[in-house]
Every structure is written in structure tokens, then in C-alpha cells.
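The primary structure of each chain is shown beneath.
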Amino acid sequence: MTTTELPAPAPAARTAPGKRRPGRRQREGAAWVFLSPWVLGAAVLTLLPMAVSLYLSFTDYDLFDPPRWVGLRNYTQMFTEDPRYWRSVGATLIYVVIAVPLQLGLALVVALALKSMRRGRGFYRSAFYAPSLLGASMSIALVWRALFNDGGTVDNLLGTGGWVNRPGWALLAVALLTVWQFGAPMVIFLAGLQQIPGELYEAASVDGASRWRQFLSITVPMLSPVIFFNLVLQTIQAFQVFTPAFAVSGGKGGPADSTLFYTLYLYDRGFVASHMGYASAMAWVLLIVIGAVTAVLFRTSRTWVLYASEGDR
């Protein structure tokens with residue numbers, strides 16, 4: 001009986017003399033080298049200004065003289081002695097409640113229409129997205145003011161007078177400018193709608209479900225993560241609105257402080273009245289409020305946002 005000799009296993013590859021594999025510290029060092037531009041940028045352009053702003057919020061600073069420590073006086077004055085501050089808070093909250101739902105609702109309606117469109121979808125998607133690129137500019141805001149001013153296009157068509165000069169209508173004119181910029185959430189909604197399996201709608205049609213029932217039972221639950229994403233982003237942006245209010249009101253927040261949004265009043269206190277310490281305190285209050293509202297949205301999302309991984313359990 002003959003035996004077959006198996007070939008000897010090949011020797012393990014060895015590192016050439018003088019060359020060693022980089023250790024963990026060396027790999028981490030290389031990672032920090034590549035991350036250093038971002039780290040430096042975040043530290044110098046974000047963290048350091050935030051720390052300085054937090055310090056200035058406890059001082060009396062007019063941009064020219066050295067800061068003078070006053071403790072919590074800016075905050076107590078803000079909450080107890082400044083009626084215009086609370087008017088700016090009220091105007092901002094009304095704006096957020098009006099603009100965000102209208103913008104998201106219009107974006108979803110247009111996204112549903114584009115999803116069912118067979119031809120020209122790319123053209124209309126670009127056309128509806130264009131206002132999101134242009135709407136934040138001062139030039140568009142000035143055009144918007146001219147449209148809603150006395151003798152403007154809206155006045156000539158509806159005969160309602162100049163909206164920007166009427167306290168009850170000026171804020172609505174600014175909100176409509178935000179609603180007009182629905183392109184960005186629309187694109188996100190459209191991407192989410194294209195991810196919903198068509199088999200779900202086919203099965204619902206076989207069961208006799210109407211279009212409205214399909215929308216409520218399939219589209220809304222499957223699109224809820226995208227709705228939540230857009231809601232968080234647009235709410236944060238709405239709290240920080242500045243350019244439209246500045247252009248429509250001429251930087252004064254009028255008429256009768258109806259468009260005196262929070263950031264516009266912050267700008268007025270910091271750069272017009274040179275109360276930079278007071279403006280810094282306002283900025284930190286805004287940061288805390290936005291963080292709290294975002295936390296509430298995330299907390300409540302557990303009851304109405306449906307993720308695919310949760311549906312498979």
C-alpha cells in the first residue's frame with residue numbers, strides 16, 4: 001500500500017526585517033492627524049465662541065469698553081423687566097405654529113403628486129426645490145415685501161391692503177415666505193415615499209381600501225420617520241428665522257412688534273443698542289429652548305413614529 005505524502009504547509013508570511021506593523025497608538029495618532037482640521041475648527045470656531053458668549057451673558061458689555069460682571073442681572077431683566085422680550089417670544093411661537101405645519105403639509109402634498117407623476121418629474125422637482133435655494137436671501141425677502149406692500153401685487157389682486165403695514169397680517173406674510181420654501185422637505189418626503197413597497201398598496205386595493213384609507217394606514221405610518229426628521233429640522237430653523245422678518249419690517253419688527261421675532265430682537269439688543277451681554281443671555285436662552293423643544297419631540301416620537309425594525313418584532 002502506497003502512501004501519498006502531503007505537501008508541507010507553507011511557512012507563515014513574516015514581516016520584512018526593519019518593518020513592523022503599526023501599533024494601536026500609531027494608528028490612533030494617524031487618525032488624530034486627519035481629524036485635526038475638524039477638531040481645530042470646532043474648537044476655535046464653535047466651542048470657544050460659545051464659551052465667550054456664556055461669559056458675556058453674565059456681564060455688561062457694549063463692544064467698546066471691557067466687560068463688567070453683573071451676574072444674573074441680564075436674565076432677571078429679560079424675564080421681569082422687558083415687555084418687548086416677551087412680545088418677541090410670542091411672535092416667534094405664533095410663527096413656528098403657523099409656518100412649520102403649513103410648510104410640511106404643502107411639501108407632503110407636492111411630494112405625493114410628484115410620486116404619481118409619470119413624465120417631467122425631474123423638471124418639477126427642480127422647479128419646486130428652487131425656492132429653498134433662493135428664499136433665504138435678502139433680495140427675495142425684499143421682493144416679498146414689495147408683493148405684500150401697499151399697491152403691491154397682493155393688494156391689487158385681493159384688495160386687502162398692504163399686509164406688511166397691518167399688525168394682523170404682517171406675521172402671516174413672513175410665514176408664507178417660509179411656506180413657499182418647501183422644496184427641501186419635499187425632496188426628503190419624495191425619497192421616503194419611493195421607499196414604501198408598492199405591494200402594500202396593491203394588497204390594500206384588493207381589500208377594498210380607499211385612497212384616503214391607504215394614506216392613513218400605509219403612507220403616514222411608513223413615512224413617520226421622515227415626517228419626524230423634517231419636523232425637527234424645520235422647527236429648529238423656524239425658531240432661528242431672521243432674514244424675512246428683518247426685510248419685511250425694515251429691521252424694526254413692526255408694525256406694533258408683530259414681526260419682532262426672537263433673533264431680530266436679539267440683533268437689535270446686541271448690534272443696534274450695543275448691549276452685547278444682554279444679547280448673549282438671549283442667545284443662551286434660545287439655545288436652551290430649542291434643545292428642550294427638540295427633546296420633547298424626540299420623547300413624543302416614541303408614540304407615533306414607526307420604524308421598520310420595530311414593525312418586524
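Look up: the structure comes first, before these words.
The following refers to the structure shown. Just so it is clear, the structure is predicted and the values come from calculations on it, not from any experiment.

**Some details on the overall build of the protein**
Piece 1. Summing up its helical and strand segments, the protein has 14 helices and two strands in all.
Piece 2. With 313 residues in all, the protein has 36% of them scored as buried.
Piece 3. Of the contacts formed within the protein by residues at least 6 apart in sequence, a portion of 67% connects residues at least 24 apart.
Piece 4. Counting only carbon and sulfur atoms, one obtains 65% of the accessible surface of the protein, whose full area is about 19500 Å².

**Overview of the packing of aromatic side chains**
Piece 1. Going through the model one piece at a time under the given rule, you end up with 21 aromatic pairs.
Piece 2. Here the aromatic rings of Phe58 and Trp69 are separated by 5.6 Å at their centres, their planes lie at 20 degrees, and the arrangement is stacked. Highlighted residues: Phe58 in the loop between helix H1 (24-56) and strand S1 (59-60) and Trp69 in strand S2 (residues 68-69), separated in sequence by eleven residues.
Piece 3. On the accessibility criterion, Trp69 (54% relative accessible area) is exposed.
Piece 4. Where Phe246 meets Tyr267, the ring centres are 5.7 Å apart and the plane angle is 90 degrees; that geometry is what we call edge-to-face. With Phe246 in helix H11 (residues 243-249) and Tyr267 in helix H12 (residues 262-272), the pair connects residues that are 21 residues apart, well separated along the chain.
Piece 5. Judged by its relative accessible area of 23%, Phe246 is partly exposed.
Piece 6. Each member of the aromatic cluster is reached from another via a ring pair, and the members are Trp144, Phe148, Trp163, Trp169 and Trp180.

**Some details on the nonpolar core**
Piece 1. Formed by 62 residues in total, the largest nonpolar core has its most connected members in Met78, Tyr85, Tyr95, Phe189, Phe261, Tyr262 and Met282.
Piece 2. Excluding its chain neighbours within four sequence positions, the residues that come into contact with Phe189 are Leu104, Ala107, Leu108, Ala111, Leu223, Val226, Ile227 and Asn230.

**Describing the packing of helix H3 (residues 83-115) against helix H10 (residues 211-239)**
Piece 1. The interhelical angle for the contact between H3 and H10, taken along N-to-C directions, is 140 degrees, at an axis separation of 10 Å. Relative to H10, the element H3 is oriented oblique. The interaxial crossing formed by H3 with H10 has right-handed handedness. Here Thr92, Leu93, Tyr95, Val96, Val100, Gln103, Leu104, Leu108 and Leu112 of H3 come into contact with H10, specifically with Phe215, Thr219, Leu223, Asn230, Leu231, Gln234, Thr235, Ala238 and Phe239.

Calculation rules
Residues numbered from 1 in each chain as written. Predicted model: local features only at pLDDT ≥ 70, side-chain atom pairs only at ≥ 80, totals over all residues. Heavy atoms only, no water. Helix = DSSP H or I, 4+ residues; strand = E, 2+ residues; numbered from the N terminus. Buried < 20%, exposed > 50% of the residue type's maximum accessible area, 1.4 Å probe, protein only. Contact = heavy atoms within 4.5 Å. Areas by Shrake-Rupley, 256 points an atom, 1.4 Å probe, with all protein chains shown as cover. Phe/Tyr/Trp six-rings, centres within 6.5 Å; stacked < 30°, edge-to-face > 60°. Core = buried A, V, L, I, M, F, W, Y, C linked by side-chain atoms within 4.5 Å. Axes fitted to C-alpha atoms, helices over the stretch in contact; angles between N-to-C directions. Parallel < 35°, antiparallel > 145°, perpendicular 65-115°, else oblique. Left-handed = near helix turned anticlockwise from the far one by under 90°.

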